[in-house]
Amino acid sequence: MCLNIFLCFLTILGSLYAYGGRFQFASYYGDHMVLQKAPERAVLWGYGPDNAEVTVFLSGGPVTNNAPAVSVAAGIWRVTLVPMEAGGPYNVTAVLQNNHSITLTDVLFGDVWLCGGQSNMAFTTSQVFNASEELALASKFPQVRIFMAALEQSDTELTDLAGVEVPWSVPTAKLLGGGDFKHYSAVCWMFGRHLYKVLKYPIGLVTSCWGGTPVEAWSSPRALQHCDLDRINGFPMPYTPSMYLSVWTNSLLWNAMIHPLLNMTIKGAIWYQGEANTDYNQKKYSCSFPSMIDDWRMAFHQSSGGQTAPDFPFGFVQVSTYRKASLSEGFPNIRWHQTADYGFAPNLRMKNTFMAVAMDLGDEMSPFGSIHPRDKQDVAYRLSLGARAVAYGEEGVSFQGPFPSRVLVNDQYINVTYDQRVSVTQSKDIFQICCSVVRVPCDSLSLWVPAPIMQWGLSAIQVSTNYCSLNHVAGLRYAWRDWPCDFKACPVYSADGVLPAPPFTLNRWPDKR
């Protein structure tokens with residue numbers, strides 16, 4: 001790990017000067033990989049002796065592709081291929097001035113997705129419910145290829161990955177079940193599998209994640225400065241198993257595990273993180289998370305020479321649960337901040353995003369701790385619905401749970417109208433109202449009391465205001481607890497019972513500052 005400034009300098013110097021001038025591809029190119037298909041153009045790069053010419057060509061597939069010769073500069077060569085339709089396999093050969101060549105074999109063209117976050121993204125396929133059945137499916141999806149960056153840190157931005165945990169591979173049960181929190185990410189793998197079943201062409205999955213990490217570690221100094229977080233540095237962990245560090249500092253993982261990937265052309269990204277920020281810069285998360293997304297988009301677009309879209313689709317998991325009886329509002333607050341305080345995605349601040357709600361997937365008996373629920377199948381499926389609708393524009397795909405479109409308040413009840421039909425079960429306390437004698441915004445210190453569900457219709461729910469009879473009803477919130485409901489048993493779902501309504505909090509008299 002690049003914790004020493006001098007060692008980091010040597011690492012960068014080694015990258016720039018091509019490992020002594022050896023001719024090779026960069027670390028994340030390899031046999032069995034997936035390159036981004038048309039309309040985008042895949043970028044290839046590697047190392048070689050200065051001023052030498054490199055030519056790249058494709059062979060073995062239905063289409064041949066020769067790229068113009070490029071010169072090696074500062075030890076690095078780089079080629080942008082012409083757009084290639086989905087398919088393969090191809091051999092990708094780089095030739096150094098007609099006297100030395102290196103070849104990648106079994107290369108496919110498809111969509112490349114980056115999977116990032118903390119331990120719930122690192123949670124492997126061997127840890128999920130029905131793991132043996134899930135692992136047995138590996139051989140049925142040979143065109144969903146996997147890659148994983150090694151756990152590395154750096155105080156400065158690296159040009160290339162310092163290590164690779166899983167090189168590009170055809171999936172096997174052994175690779176997918178390579179040890180707890182090691183490889184391979186269950187959410188990433190199952191997400192890719194769902195996409196392949198719909199799209200019917202290759203999917204490349206690139207995982208770069210680390211358990212116990214805050215968003216600040218994955219954010220560039222630019223993104224942190226945007227939220228006035230560049231001066232706040234050092235996240236102490238409440239527990240330090242071997243997979244975690246005791247303290248995280250800003251941009252360590254951006255430098256070592258994201259920045260090196262920027263030259264790669266990608267289709268989009270999915271993200272499962274937020275737990276570490278429930279008690280660290282929590283109130284800033286509504287700025288830091290959207291800013292990280294914006295910055296990743298800008299950086300991938302620029303570094304790929306404009307090939308990765310400047311607004312590439314970004315999906316994320318709204319955090320699940322932790323402590324069943326907890327009164328802490330850390331988890332509900334982060335769920336809200338993950339949406340930039342809108343409650344849903346995409347929204348005006350977070351365009352071209354999609355969200356998988358997971359607060360109904362709590363797992364109190366998880367042997368990996370209740371913060372690590374084992375049902376990753378539903379998480380991946382819900383993410384895939386969002387990708388189909390947002391990233392691929394598939395019509396008729398429902399990917400969002402019900403969200404209020406109108407709220408009417410009177411002396412006896414509140415009528416909540418949703419933006420779609422709902423499936424409802426009775427609850428005495430999933431809704432809460434804020435009672436106030438003055439017309440001011442409500443917050444966590446305000447008086448919140450239960451608002452029992454009275455009745456419901458096709459797309460509306462009526463809740464009681466009786467517990468607020470002597471005061472103004474100043475706010476309404478839904479599922480605002482760490483563990484709001486039992487497994488797949490929240491009171492409000494889409495009409496088909498598939499997608500849970502996300503939590504929300506509404507102020508009748510919002511702060512106008």
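Structural data are supplied above this passage.
Small disclaimer: the values here were computed from a predicted structure and weren't measured.

Quick rundown of the sheet that holds strand S19 (residues 413-418)? Include the residues and the values.
Within the open sheet, the 4 strands sit side by side as S18-S19-S24-S23. Their pairing is antiparallel. If you trace the sheet from one side to the other, it starts and ends with strand S18 (404-409) and strand S23 (453-456), each paired once. Ignoring strand direction, the axes of neighbouring strands in this sheet form an average angle of 20°. Of the strand pairs in this sheet, S19 and strand S24 (residues 460-464) are connected by 5 bridges, and their pairing is antiparallel. Bridged to threonine 417 within S24 is alanine 460.

Go over the packing of helix H6 (residues 186-199) against helix H11 (residues 377-391), please, and point to the residues and values.
It is at 8 Å that the axes of H6 and H11 come closest, and there the two elements cross at 45°. As the angle between them shows, H6 and H11 are arranged oblique. Handedness of the H6/H11 crossing: right-handed. Residues Val187, Met190, Phe191, His194, Leu195 and Val198 of H6 form the contact with H11, whose participating residues are Gln377, Val379, Ala380, Tyr381, Leu383, Ser384, Ala387 and Arg388. Within the contact of H6 with H11, the residues separate by chemical class into 10 nonpolar, 3 polar and 1 charged.

Break down the pattern of salt bridges for me, with residues and values.
Between side chains of opposite charge, pairing is possible as soon as their charged atoms come close. For the structure on display, the rule yields 12 salt bridges. Salt-bridge contacts for aspartate 486 lead to lysine 324; the nearest nitrogen and oxygen are separated by 3.4 Å. Here lysine 324 lies in the loop between strand S16 (314-318) and helix H10 (330-337) and aspartate 486 lies in the loop between strand S25 (472-478) and strand S26 (492-494), a separation of 162 residues in the sequence. Taking the shortest distance from any N to any O, the salt bridge between aspartate 429 and arginine 481 comes out at 3.9 Å. Taken together, the residues aspartate 429 in the loop between strand S20 (422-424) and strand S21 (431-436) and arginine 481 in the loop between S25 and S26 connect sequence positions 52 residues apart. By relative accessible area, which is 37% here, aspartate 429 ends up partly exposed.

Rules behind the numbers
Residues numbered from 1 in each chain as written. Predicted model: local features only at pLDDT ≥ 70, side-chain atom pairs only at ≥ 80, totals over all residues. Heavy atoms only, no water. Pairing = 2+ DSSP bridges. Helix = DSSP H or I, 4+ residues; strand = E, 2+ residues; numbered from the N terminus. Axes fitted to C-alpha atoms, helices over the stretch in contact; angles between N-to-C directions. Parallel < 35°, antiparallel > 145°, perpendicular 65-115°, else oblique. Left-handed = near helix turned anticlockwise from the far one by under 90°. Contact = heavy atoms within 4.5 Å. Nonpolar A, V, L, I, M, F, W, Y, C, P; charged D, E, K, R; others polar. Salt bridge = Lys/Arg side-chain N within 4 Å of Asp/Glu carboxyl O. Buried < 20%, exposed > 50% of the residue type's maximum accessible area, 1.4 Å probe, protein only.

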